Amino acid sequence: MEACYLTPPTPEKSIVTLYGDVVNGGNCGVVMTTSWGLPTLRFVGGRFGVCILALLVLPQAGCAVSYKPGEAVTLYVNKVGPYHNPQETYHYYTLPVCRPKEVRHKALSLGEVLDGDRMAESLYEIRFRENTERQKLCELTLSEKEVEQLRDAVEELYYFEFVLDDIPIWGFVGYMEESGFLPHSHKVGLWTHLDFNIEYNGDSVIFANVSMKDVKPVPLDGGGGVVPGVGAGGGLAVTHTYSVRWFESPLPHGRRAERLRDYSFFPKTLEIHWLSIINSLVLVVLLLGFVIIILMRVLKNDFARYNVEEEGGCDDLDQGDNGWKIIHTDVFRFPPYKSLLCAVLGVGAQFLTLATGIIVMALLGMFNVHRHGAINSAAIVLYALTSCVSGYCSCRFYTQIHGQRWVWNIILTSTLFSAPLFLTWSVVNSVHWWCGSTQALPASTVLLLLGAWVLVGFPLTVIGGIVGKNRAGSFQAPCRTRNIPRQIPPQPWYKHTAVHMAIGGFLPFSAISVELYYIFATVWGREHYTLYGILLCVFAILLSVGACISVALTYFLLSGEDYRWWWRSVLSTGSTGLFIFVYSVFYYRNRSSMSGLVQSVEFFGYSLLTALVFSLMLGTVSFCASLAFIRYIYCSLKMD
C-alpha cells in the first residue's frame, strides 16, 4: 500500500503534502506550487488514474482529536471577504497582517478547495486548557498603501475566517462607524487585539469564537485623509496582541455541531418552518387529488364511450368519432430530434439519481458543519459514478425508438450538461482569477476534475450506453402507426406550448417556493442546512406534482387531437427551471445584499446551471409520466 499526495495552492512557493492510502497501490504524487500567482502541477510517478480516484474519495475532517493539557492546538488562518458576498473570498495573508516568514499550508480535501478554503498556519500559539492574557503576536509598520488597503477592507465590511480543530471562527477585520448628516462622522478602525474563547470537554475542543469587545480599534482615518500615527516616513506602527480563555462545556464531542449551529455571527434566517411545509403539503395534496379525481372521472366516461362493440379492427376506430381515440395511429409516431430527446432523458435520470443520493447521504449524517466541503466532494464523485445511468437510459430509449447514430447519442449525452458547465465555470473562474479570489480553482484541481470526467465519467457513460443499446428491446406500442401522419386541427390559445409551459412550470415551482428560499440562503449564504428530512419530502412533492400536471396537460393535448406530446411533455414541466431562474433574480435583488462583479457573475452563472438541472430532472419525470399514462389509456381501449 503506497501513498498518494496532493499539494494545495499557496500564495508562496511552498510544498505541502497530503497523504492518503491507495488501495490498489501505485506510488504517485501531485505537487503544486505557485509562481507569479499561477498554480503549476506535476505528477510524481505512479498511476494517474489511481491518484484521481484516491483524491476524489479523501476522508473528510470531523474525527475526534484528543489533546493533552498544554499541548499545542493549531489555529489556521483561512480567508477574508465582504460580509454580504459569501463567494467573494481572498486569502487571509493578502492583507497586511501578522504572518510567519515561511507560510505553511494545511493539506486540503477536494471539497475544501472547491469551497474556496486556503488554510495556512498562523502565528497564534494556543495550548490546550492554558489561558493566555495579552500575548504579543507581532509588530508591524504599515505603509500608506497598506493602510489604504486595510481601510478599504474595513469599509467593505471584510470579515476573516480562522479554523481551529475544524471549527470555523469568524470576526470582522475592523470597525466602522458612520453617523450624522451635519456634521458627518465617519470612523474606521482596525482590530489589533483578539480574544479567543474556547470551550472544551475532557480532552476535546467543543467550540471556539473570537471577540473584540474589551479593546479599542486603531484608527485608520483622520482629517483630510491623514492617518494618525503616520509620520513623514509613511509608516503606521501597530502591535497585534491576543488572549486565550478556556471554558469547560458539558456538551460531548459528538454533539458539538449543535453548538456551532446555535452560534450567530452571520444573520440567522433559517428557522424551523414546519407550518410552511405543512401548508405546501396540504395544497399539493389537494391539487393532486383534484387532478387525479377529475382526470379519472373523465377517463372513465371516455372508456365507456369508446369501448363499444364494433365490428371493425383498429383502423375502424376513427370512424365518426373524435378526441384522443381518433389519433391512436399517430400518438406513438416518433418525434424529431430523437438523439437530443434521449440525451435530455438520460441526463435527467442521472441528476434524479444524484439528487436522491445526496439527500440520502445527508440523512445518514455524512454532512455536517465540521466537514468542510464534504457535500462538494460527494456531488463530484456521484456525478462521475452516475454517468452510467445517463448513458444507459439515453441509449436504451434511443435504440427503442429506432435511432441509428447511437455513438453520436452517447457523445451528446456526455456533453449535454458538462459542456455548459465548463463554459460557465470558465467565465466564473476567470473573473475570480482576475480579482485574486480564493474561489478560483488552481491548475491541480482543474486537472483533477478533468481527469475524473475523462477517466471515470465519460467511460461510464460509454459503458452504460453500450449496455443500454444491447438491452433495449422493442418499443412495444399498443397501436401501430400509419405511414402518413394525420393532419392536426387548429388548437385554441390555451393549448399552445407557451401556455402549457407556464402552467406546467408554475405549479411545481409553487410547491417548492417556500423551501427554495432556504436552499438559496444555504447555497448563497452561510447558513447550515440541517432539515434534510423536510428536503426529501419537498423533493418527493416536486416530482409528484410534476408528474400529475404533465399527465393532465398531456390528456388535454390529446383530447384536441394533437399527437405531438413527446417534446411538449418535456417542456411543459421542464419550464420550472425558468421560474427558478426568475426567482434567483428576485432573490438577488430583494432578499440578499450581494453586489460586485465577482459575486454577481458567480451567482447568475451557477443559477443558470441550477435552472438547467431542474429542467432536465422535471422534464424527465414529466415525459416518463406522460408515456406511462398514454400507454395505459391506449392499452385500455378494446381494439381487435
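Residues numbered from 1 in each chain as written. Predicted model: local features only at pLDDT ≥ 70, side-chain atom pairs only at ≥ 80, totals over all residues. Heavy atoms only, no water.

### A short note on the state of the cysteines
So, point 1. All told, the structure shown has one disulfide when counted by the stated rule.
So, point 2. What pairs with C98 in a disulfide is C138, and their sulfur atoms sit 1.7 Å apart. Across the S-S bond of C98 and C138 the torsion is about -75 degrees, and the bridge reads as left-handed. Linking C98 in the loop between β7 (90-91) and α2 (110-114) with C138 in strand β10 (residues 132-142), this pair joins segments that are 40 residues apart in sequence. The residues C98 and C138 share a single accessibility class, namely buried.
So, point 3. Cysteine C393 is unpaired, with the sulfur of C624 as its nearest cysteine sulfur at 8.1 Å.
So, point 4. Exposure remark for C624: the relative accessible area of 44% places this residue in the partly exposed category. (Disulfide = S-S within 2.5 Å. Helix = DSSP H or I, 4+ residues; strand = E, 2+ residues; numbered from the N terminus. Buried < 20%, exposed > 50% of the residue type's maximum accessible area, 1.4 Å probe, protein only.)

### Focus: the packing of aromatic side chains
So, point 1. Scanning the entire structure with this criterion turns up 48 aromatic pairs.
So, point 2. Ring centres of Y555 and F629 lie 6.5 Å apart, and the angle between their planes is 75 degrees; this geometry places the pair in the edge-to-face category. Of this pair, Y555 sits in helix α13 (residues 532-559) while F629 sits in helix α16 (residues 597-635), and the two are 74 residues apart along the sequence.
So, point 3. Relative to F604, the ring of F603 has its centre 5.2 Å away and its plane inclined at 90 degrees; by these criteria the two rings are edge-to-face.
So, point 4. For F603, a relative accessible area of 0% corresponds to the buried category.
So, point 5. Sitting above the plane of the F207 ring, R259 keeps its charged end 4.1 Å from the centroid.
So, point 6. The side chain of R631 reaches across the aromatic face of F475, ending 4.6 Å from its centre. (Phe/Tyr/Trp six-rings, centres within 6.5 Å; stacked < 30°, edge-to-face > 60°. Lys NZ or Arg CZ within 6 Å of the ring centre and 35° of its normal.)

### Section: the confidence of the model for the chain
So, point 1. Mean pLDDT for the chain: 81, with 80% of residues reaching 70 or above.
So, point 2. Per-residue pLDDT, averaged within each element of the chain, yields its smallest value for strand β2 (residues 19-21) (31) and its largest for helix α8 (residues 387-400) (95).
So, point 3. Confidence over residues 1-62 falls short of pLDDT 50; this stretch has 147 contacts with residues more than four positions distant or in other chains.
So, point 4. Confidence drops under a pLDDT of 50 for residues 223-227, and excluding neighbours within four residues, the segment shows seven contacts in the predicted structure. (pLDDT = per-residue confidence, 0-100. Contact = heavy atoms within 4.5 Å.)

### Considerations on the sheet that holds strand β15 (residues 193-201)
So, point 1. Spatial ordering of the open sheet is given by β10-β18-β15-β16, a layout of four strands whose pairing is mixed. Where the open sheet ends on each side, the last strands, each with one partner, are β10 and β16 (204-211). Between one strand and the next, the sheet's axes are offset by a mean angle of 20 degrees, whatever the strand orientation.
So, point 2. Inspection of the sheet shows β10 paired to strand β18 (residues 236-248) by eight bridges, in the antiparallel sense. Residue pairing for β18: T141 is matched across the bridge by A237.
So, point 3. Against the sheet, helix α3 (residues 144-155) engages β10 and β18, with an angle of about 125 degrees to β10. (Pairing = 2+ DSSP bridges. Axes fitted to C-alpha atoms, helices over the stretch in contact; angles between N-to-C directions.)

### Details of helix α11 (residues 443-470)
So, point 1. The terminal C-alpha atoms of α11 lie 39 Å apart, and with 28 residues this matches the ideal 40 Å at 1.5 Å per residue to within 8%.
So, point 2. A maximum bend of about 35 degrees is found in α11 at W453.
So, point 3. Looking only at α11, the buried set comprises S444, T445, L448, G451, A452, V456, G457, T461, G464, G465 and G468. (Expected span 1.5 Å × (residues − 1). Bend = angle between axes of the 7 residues up to and from the residue.)

### A short note on a nonpolar patch on the surface
So, point 1. A surface patch of nonpolar side chains, about 320 Å² in accessible area, is lined by L447, L450, V454 and L455.
So, point 2. Tracing the chain through its elements places L450 in helix α11. (Patch = residues over 30% accessible without salt bridge, like charges linked within 9 Å, V, L, I, M, F, W, Y side chains within 5 Å. Areas by Shrake-Rupley, 256 points an atom, 1.4 Å probe, with all protein chains shown as cover. Salt bridge = Lys/Arg side-chain N within 4 Å of Asp/Glu carboxyl O.)

### Let's talk about the packing of helix α12 (residues 497-523) against helix α14 (residues 565-574)
So, point 1. Packing of α12 against α14 leaves a shortest axis separation of 6 Å and a crossing angle of 45 degrees. Here α12 lies oblique to α14, going by the angle between them. Facing α12, whose interface residues are T497, H500, M501, G504, G505 and P508, α14 presents R568, L571, S572 and T573.
So, point 2. Residues that form the contact of α12 with α14 fall into these classes: three nonpolar, six polar and one charged. (Parallel < 35°, antiparallel > 145°, perpendicular 65-115°, else oblique. Nonpolar A, V, L, I, M, F, W, Y, C, P; charged D, E, K, R; others polar.)

### Overview of the pairing of β18
So, point 1. Sheet topology places β15 next to β18; eight bridges connect them, and they run parallel. Residue pairing across strands places N197 opposite R245, the latter belonging to β18.

### Re the nonpolar core
So, point 1. Counting residues in each nonpolar core, the largest one holds 78 residues, and the members touching the most others are F397, L558, W565, F623 and Y634.
So, point 2. It is α16 that provides the largest number of residues to this core, a total of 15 residues.
So, point 3. Counting residues in each nonpolar core, the second largest holds 50 residues, with Y90, V97, Y124 and Y158 among its members. (Core = buried A, V, L, I, M, F, W, Y, C linked by side-chain atoms within 4.5 Å.)

### Considering the pattern of salt bridges
So, point 1. Summed over the entire model, instances satisfying the criterion amount to 10 salt bridges.
So, point 2. Salt-bridge contacts for R256 lead to D165; the nearest nitrogen and oxygen are separated by 3.1 Å. Pair noted here: R256 is in helix α4 (residues 256-262) and D165 is in the loop between β11 (158-164) and β12 (167-172), with a separation of 91 residues, a long-range link. This pair shows no difference in class: R256 is buried, exactly as D165 is.
So, point 3. D195 is the partner of R245 in a salt bridge, and the nearest nitrogen-oxygen pair spans 3.4 Å. Remark: D195 occurs in strand β15 and R245 occurs in strand β18; sequence separation between them is 50 residues.
So, point 4. Overall, R245 belongs to the partly exposed group, its relative accessible area being 24%.
So, point 5. Sharing partners across several salt bridges, the network here consists of E133, D195 and R245.

### Focus on the side chain of N85
So, point 1. In this structure, N85 sits in the loop between β6 (75-82) and β7.
So, point 2. Residue N85 is classed as buried on the basis of its relative accessible area of 4%.
So, point 3. A distance of 2.9 Å separates the side chain of N85 from the side chain of E88, its partner in a polar contact. (Polar contact = N/O pair within 3.5 Å; in protein donor to acceptor, adjacent residues only side chain to side chain.)

### Describing unusual backbone geometry
So, point 1. Phi at D166 takes a positive value of approximately 65 degrees, unusual for a residue other than glycine.
So, point 2. Structurally, the position occupied by D166 is in the loop between β11 and β12.
So, point 3. Overall, D166 belongs to the buried group, its relative accessible area being 9%.
So, point 4. Despite not being glycine, Y337 has its phi angle at roughly 55 degrees, a positive value.
So, point 5. Examined against the element boundaries, Y337 turns out to sit in the loop between α5 (274-306) and α6 (338-363).
So, point 6. Using a relative accessible area of 62% as the deciding quantity, one classes Y337 as exposed.

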